[in-house]
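Residues per chain are reported as follows:
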Amino acid sequence: MLTYRERGRRGDEHRPAPWVRTRLRSARAVAALTAVLAFVTVLTVTALPRATDRGANSALAAFAQDRGVKATSLHLTARPRPDTPAAELDSARDRLVGQITGDLPLTRDGEHRGTRALTDRAMLNDGYDRPGGMAPQLHLLYLQGLAGHATLTDGAWPGPAAPGEPLPIAVSRRAADTIGLRVGDTVDSGPAARARIVGLYRADDPHDRYWQELPCPERACLKTLDGGGVRWETAGFAAGDSRPALLAWGGGGEDFWRLPVDPHALRADRLAALRSGVASYLAGPGAVRAAEATGRPDLTISTLLPEVLAEATARHRATAPLAAIGPAGAASVAAVVLCLAAALAADRRTAELRLLQARGGSRAGILLRLLGESAVTVLPAAGAATALALVLLPTPRWTAAVLAAVAATLLAVLALPVRAAALLSRPRGAGGPPEATRGSGRRRAVGELLVLAVTGAAVAEVRRRGAAPPASGPDPLLVTAPLLVALSGGLLLARIQPPVVGRLAALARRGRGPIAFLGLARSARDSGGRHRPAVLPALALLLAVTTAGFGATLLDSVDGARLRAARTAVGGDAAVLVPQDAPLPESFVTAADALPGVRASTGVRIERQTYLLGSGRLAVQVTLVVVEPRAYAEIARTVGTGAFDPALLADPAVLADVAPSDVPVPALVSPGLAGQLTPGPQRLRTPGGELLATVVGTTPATPALPEAVREFVVVPVGAAAARLPELARPDNWFAVGDIDGDLLRPLFAARGLADASGLAGLLREEAREVSEEPGGIPDGYLVRTARETAAALAADPLQHSTVRLFRSAAVAGVAFALLAVLLTVLRASPDRAAVLARLRTMGLRPREGLALIVAETVPQTLAAVAGGAVVAAGAVALLGPAFDLSLLVGAPVGDRLVPRVLPVLLPTAGVALLVCAAVVLEAAVSGRRQIATELRAGDRR
């Protein structure tokens, strides 16, 4: 007889093993695959919001950095206090930084402060260079930290000014060499304004942000005066202890501080708060607190930050839909894959679950055990994926990423129990009673109709109002509308595909072999052998293809509109523009016409000081454009601006063989000017004389004047030059074709710039100094190509970041869609292998077996991919009017988003080839092994 202790020990030995542990041990491969799927899905949906934030923040930082320190700084000025030391400027700066840092992120890079003289004075000394007969001008300042940004080359740094002595100053070595300044010179600027040059310095980095906005601190600048004439200007710097003498020299002055905002600390999600903070310091509580902190009631704050942040907000809003559509599409496909995996797992375990229920297991108990299985498998993988995404993609904002991870984790955990609950709630037997089947079908139809109704309402609302008003985030309706269209397309495809494929199977039955018929017949049925729509696999492909096609169409439309906008802005594919008093040499025009890739080119003369004279009314100022008709007509046709028939501008004097002076020249005029003309020839007065013109037509625009601000007249160069010879000298050159700017620019630098000496040479060298044109081309001379202009418009870091994010999300969506197809194929492979094994015993050859697999799986895939292409084109047609391409292009355009074949066809074909290759590979690799197993063991199900 067993003792009580022995009976208790024996009872412990026979205690049932825990369900979850036993189940996971018995299906380790399935558990591992489920964990991997959860890990990849949660990692993807967590990483996408983080990548979006990082891209937007880095793009905003680059955008602000490109605007320069002047546009991204707070500029503060106040009346100086001569009785206070220069160190008071430093303490005031510290108090200002402490006050402002709580509202705006500041940086020391580009910061400066000091005191500037109110009046600039001429340097009247004899012997100083006077290029236009004007004495050079001196700007005098005290600048804190000068010695830390410059190197002394001669003399010494300025010290305190002695009473009654000239003010000690330092000037740049380059300015001294240009103007003729020397150490020890006493600069005479008037009876009570004298300064002595005690040192010369060289700027350590002339392009340092520290020097920006200061008046010629590191060289002498040649300034052209409004009333005519030129003069040299430069800056001199005094010591901090000489501020009273500095103010006396300039007849007063002002203290100034420049506090730059740190571009790298700006966040795209806080643009509204940044704008509010800046506004507070311009006219609000911030300005009051700053004045109190410095003890300067007259403190004035100015900045260009409101315009910069407004532009950044507009660009962020323009790219927000594209930045959100890609990740939303990828997340939707990932959700479909999780649901599909759960559905396939539950269908595979249907017999097991039914058996448990038949042996007395409650539905709640079974579902709790399934929930435990999912939690043990999914939660560790999801936690690791979330942590990995947060570590690999650091960004200040984490809420959206964590919420996305939680949502994906909950879906992964609950998908299997919910699917099992739906299976266990169905009546037992083959499909249940007809009434139950009809009720389920009605419920499904009602749900699908509801989805269609919601999609229609969303599309109608988006088309009615366009994009939502400015807000802190992307328009949710504009983002979800394409996904709703794809969802509706998936439901319709699931309804249409089985009967269509079944009809094709009936037609294939009349053929010779059984392969096509058997494959299509099996393709028209679900895994249970019923004519039921299979929604999830088709929906995954539809979402992936629709998202990729929609985004590709948007990007292609932006690229096309950008090139057209660049052509319009340039006036062709290439253009050279020079000042009117410096016409293009004929040698350059001839050489440029012969450049490789030039299809049509012409020199153009633009006379802006032209007046249309008429009796009984005032003269109207117009712009006269003198062109070669045939080449210019080809340029206008290519650009799409003001196309005309060149025969209209044929010279009637040549045709009639009469003197040119007796016949007016033909002219095309702008429509606004045509309404002001009196009958008969028109008199045009140019700086070189008068020209008679006969209006032969109107044109709304002309390539040479992309942004015409006044009415214009276009005349042929041959007829015009015969009357006024100076009109034959072009000051512009336009061309269309595949023109390389790297060839055009050196040619212009070599032949287009005539040698200049004296004052003209000085002006050209000064223009080179301040020019932003590459290749040593002076300021005021422009060499542009449409290709480079389009690249400049596209050189927006926010657009680059958005495009990269969208493409990454599209790739992720396609990968998940491919996984959905593979899951479906793998789930059906045992049943397919059994069928093939039976057919093999009837004489089916291995090659025919592979053909049967392809005939069964490929039609579903191709139908889903083709449906995605159709849905993508439909989404573009339905939602295109809501997208404003101007901000994405970078210039005002009238283009709208319209369906395009190639952008939709390329991703569709790529997805189709990829999926079909994966299906065929799976059939070739695993199908043969499973068929051999079936032939050896028979049908064991």
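Some remarks on the overall build of the protein chain
What the protein chain contains, in helices and strands, is 28 helices and 21 strands. Expressed as a percentage of its 941 residues, the buried residues of the protein chain come to 47%. As displayed, the protein chain offers around 43500 Å² of accessible surface, 60% of which is attributable to carbon and sulfur atoms.

Comments concerning the pairing of strand β11 (residues 253–260)
For β11, the tally of buried residues reaches seven of eight residues, placing the bulk of the element in the interior. When strand β1 (residues 73–78) meets β11, the two strands line up antiparallel, connected through six bridges. Pairing of His 75 across the sheet is with Arg 258, part of β11. Relative to β11, strand β2 (residues 112–117) runs antiparallel, the two sharing six bridges. Each bridged residue has a counterpart across the sheet, and for Thr 115 the counterpart in β11 is Asp 255.

Topic: the confidence of the model for the protein chain
Predicted coordinates in regions of low pLDDT should not be interpreted in detail. Here the protein chain averages 81 in pLDDT, while 83% of its residues score no lower than 70. Per-element averaging of pLDDT across the protein chain places helix α1 (residues 4–13) at the bottom with 49 and strand β6 (residues 167–172) at the top with 94. Taken together, the stretch residues 429–433 has pLDDT below 50 and engages in four contacts with residues farther than four places along the chain or on a different chain. Taken together, the stretch residues 527–533 has pLDDT below 50 and engages in eleven contacts with residues farther than four places along the chain or on a different chain.

As for the pattern of salt bridges
Applying the stated criterion across every chain, the model contains 32 salt bridges. Among the salt bridges present, the one from Asp 103 reaches Arg 289, with a minimum N-O distance of 3.3 Å. Remark: Arg 289 occurs in helix α8 (residues 285–294) and Asp 103 occurs in the loop between α4 (87–100) and β2; sequence separation between them is 186 residues. Taking the relative accessible area as the measure of exposure, Arg 289 reaches 32% and is therefore partly exposed. Salt-bridge contacts for Arg 113 lead to Glu 111; the nearest nitrogen and oxygen are separated by 2.9 Å. For the pair Arg 113 and Glu 111, a shared accessibility class is recorded, and that class is buried.

Focus on the packing of aromatic side chains
Evaluated as defined, the whole model comprises seven aromatic pairs. On the basis of an interplanar angle of 85 degrees and a centroid distance of 5.2 Å, the ring pair of Tyr 210 and Trp 211 is categorised as edge-to-face. When the ring of Tyr 632 is compared with that of Phe 644, the centres are 6.3 Å apart and the planes differ by 40 degrees; the resulting orientation is tilted. Here Tyr 632 is found in helix α18 (residues 629–639), whereas its partner Phe 644 is found in the loop between α18 and α19 (652–656), with twelve residues between them in sequence. An identical accessibility class is assigned to Tyr 632 and Phe 644; each is buried.

Details of the nonpolar core
Counting residues in hydrophobic clusters, the biggest one holds 79 residues, and the most contacted among them are Val 333, Leu 541, Phe 550, Leu 554, Phe 883 and Val 889. Among the elements that make up this core, the one with the highest residue count is helix α16 (residues 535–570) (15 residues). Leaving out residues up to four positions away in the same chain, Leu 541 has contacts with Ala 817, Val 821, Thr 861, Ala 864, Val 865, Val 911 and Val 915. Leu 89, Ala 117, Leu 167 and Val 171 belong to the second largest nonpolar core, which has 55 residues in total.

Quick notes on the packing of helix α10 (residues 350–358) against helix α12 (residues 399–424)
Packed helices, taken two at a time, are described by the angle their axes make and the gap between the axes. Across the interface, α10 lies against α12 with an axial gap of 11 Å and an inter-helix angle of 65 degrees. The handedness of the crossing between α10 and α12 is right-handed. Contacts between α10 and α12 involve Thr 350, Leu 353, Arg 354 and Gln 357 from the first element and Ala 420, Leu 423 and Leu 424 from the second. Taken together, the residues of the contact of α10 with α12 break down into four nonpolar, two polar and one charged.

Considerations on the state of the cysteines
Following the criterion strictly, the structure yields one disulfide and no others. Disulfide pairing places Cys 216 opposite Cys 221 at an S-S distance of 2.1 Å. Sign of the S-S torsion, about -130 degrees for the bond between Cys 216 and Cys 221, identifies this disulfide as left-handed. Given the relative accessible area of 6%, Cys 221 is considered buried.

Some remarks on α4
Look at α4: 20 Å from first C-alpha to last across 14 residues, which is about the 20 Å you get at 1.5 Å a residue. Every buried residue of α4 is accounted for by Glu 88, Leu 89, Ala 92, Arg 93, Leu 96, Val 97 and Ile 100.

Thoughts on the environment of Pro 80
Position of Pro 80 relative to the elements: it lies in the loop between β1 and α4. Distance from Pro 80 to Gly 252, taken between C-alpha atoms, is 8.3 Å for residues 172 residues apart in sequence. Those residues in contact with Pro 80 that sit more than four places away from it in its chain are Arg 243, Leu 247, Gly 253, Glu 254, Asp 255 and Arg 296.

A word on empty space enclosed by the protein
On inspection of all chains with the given rule, the structure shows four cavities of 30 Å³ or more. Of the volumes computed, that of the largest cavity is approximately 80 Å³. What lines the largest cavity is simply Ala 56, Ala 59, Leu 60, Phe 63, Ala 268, Leu 271, Ala 312, Arg 315, His 316, Asp 796 and Leu 798. Secondary structure elements with two or more residues in the lining of the largest cavity: α3 (28–66) and α9 (305–348). Among the elements that take part in the lining of the largest cavity, α3 stands out by supplying four residues, more than any other.

Quick notes on α12
For α12, built from 26 residues, the straight-helix expectation of 38 Å at 1.5 Å per residue is met to within 8% by its first-to-last C-alpha distance of 37 Å. Helix geometry: α12 is bent most strongly at Leu 414, by close to 40 degrees, with proline Pro 417 lying one to four residues after it. Among the structural elements, α3, α9, α10 and α11 (363–392) are those in contact with the buried residues of α12.

Concerning the environment of Ala 323
Relative to the helices and strands, Ala 323 resides in helix α9. Considering only alpha carbons, one finds Ala 323 and Pro 49, 274 residues apart in sequence, at a separation of 9.9 Å. Those residues in contact with Ala 323 that sit more than four places away from it in its chain are Thr 52, Thr 802 and Leu 805.

Section: unusual backbone geometry
Located in the positive-phi region is Glu 213, a residue other than glycine, with phi close to 80 degrees. Relative to the helices and strands, Glu 213 is located in the loop between β8 (194–203) and β9 (221–224).

Remarks on a nonpolar patch on the surface
A grouping of Leu 449, Leu 452, Leu 492, Ile 496, Val 500, Leu 504 and Leu 507 is seen on the molecular surface, where their side chains present a nonpolar patch of about 590 Å² in accessible area. At the level of secondary structure, the elements contributing two or more residues to the nonpolar patch comprise α13 (434–465) and α14 (476–508). Relative to the helices and strands, Val 500 resides in helix α14. For Val 500, a relative accessible area of 43% gives the class partly exposed.

Points about the side chain of Ser 801
Here Ser 801 lies in helix α25 (residues 797–841). A polar atom in the side chain of Ser 801 sits 3.3 Å from the backbone oxygen of Gly 55. For Ser 801, the contacting residues outside a window of four places in its chain are Gly 55 and Ala 56.

Comments concerning the packing of α3 against α12
The N-to-C vectors of α3 and α12 enclose an angle of 160 degrees; their axes lie 8 Å apart at closest approach. It follows from the interaxial angle that α3 and α12 lie roughly antiparallel. Along this stretch, α3 crosses α12, giving a crossing that reads as right-handed. Note on element contacts: α12 touches α3 through Ala 400, Ala 401, Ala 404, Ala 405, Ala 408 and Thr 409, opposite Val 42, Val 45, Thr 46, Pro 49 and Arg 50. Looking at the contact of α3 with α12 residue by residue, the classes come out as eight nonpolar, two polar and one charged.

Criteria and cut-off values
Residues numbered from 1 in each chain as written. Predicted model: local features only at pLDDT ≥ 70, side-chain atom pairs only at ≥ 80, totals over all residues. Heavy atoms only, no water. Helix = DSSP H or I, 4+ residues; strand = E, 2+ residues; numbered from the N terminus. Buried < 20%, exposed > 50% of the residue type's maximum accessible area, 1.4 Å probe, protein only. Areas by Shrake-Rupley, 256 points an atom, 1.4 Å probe, with all protein chains shown as cover. Pairing = 2+ DSSP bridges. pLDDT = per-residue confidence, 0-100. Contact = heavy atoms within 4.5 Å. Salt bridge = Lys/Arg side-chain N within 4 Å of Asp/Glu carboxyl O. Phe/Tyr/Trp six-rings, centres within 6.5 Å; stacked < 30°, edge-to-face > 60°. Core = buried A, V, L, I, M, F, W, Y, C linked by side-chain atoms within 4.5 Å. Axes fitted to C-alpha atoms, helices over the stretch in contact; angles between N-to-C directions. Left-handed = near helix turned anticlockwise from the far one by under 90°. Nonpolar A, V, L, I, M, F, W, Y, C, P; charged D, E, K, R; others polar. Disulfide = S-S within 2.5 Å. Expected span 1.5 Å × (residues − 1). 1 Å grid on protein atoms, 1.4 Å probe; cavity = no way out; pocket = protein on both sides within 12 Å on 5 of 7 lines; lining within 4 Å. Points joined across faces, edges and corners; volume = space filled by probe spheres on them. Bend = angle between axes of the 7 residues up to and from the residue. Patch = residues over 30% accessible without salt bridge, like charges linked within 9 Å, V, L, I, M, F, W, Y side chains within 5 Å. Polar contact = N/O pair within 3.5 Å; in protein donor to acceptor, adjacent residues only side chain to side chain. Parallel < 35°, antiparallel > 145°, perpendicular 65-115°, else oblique.

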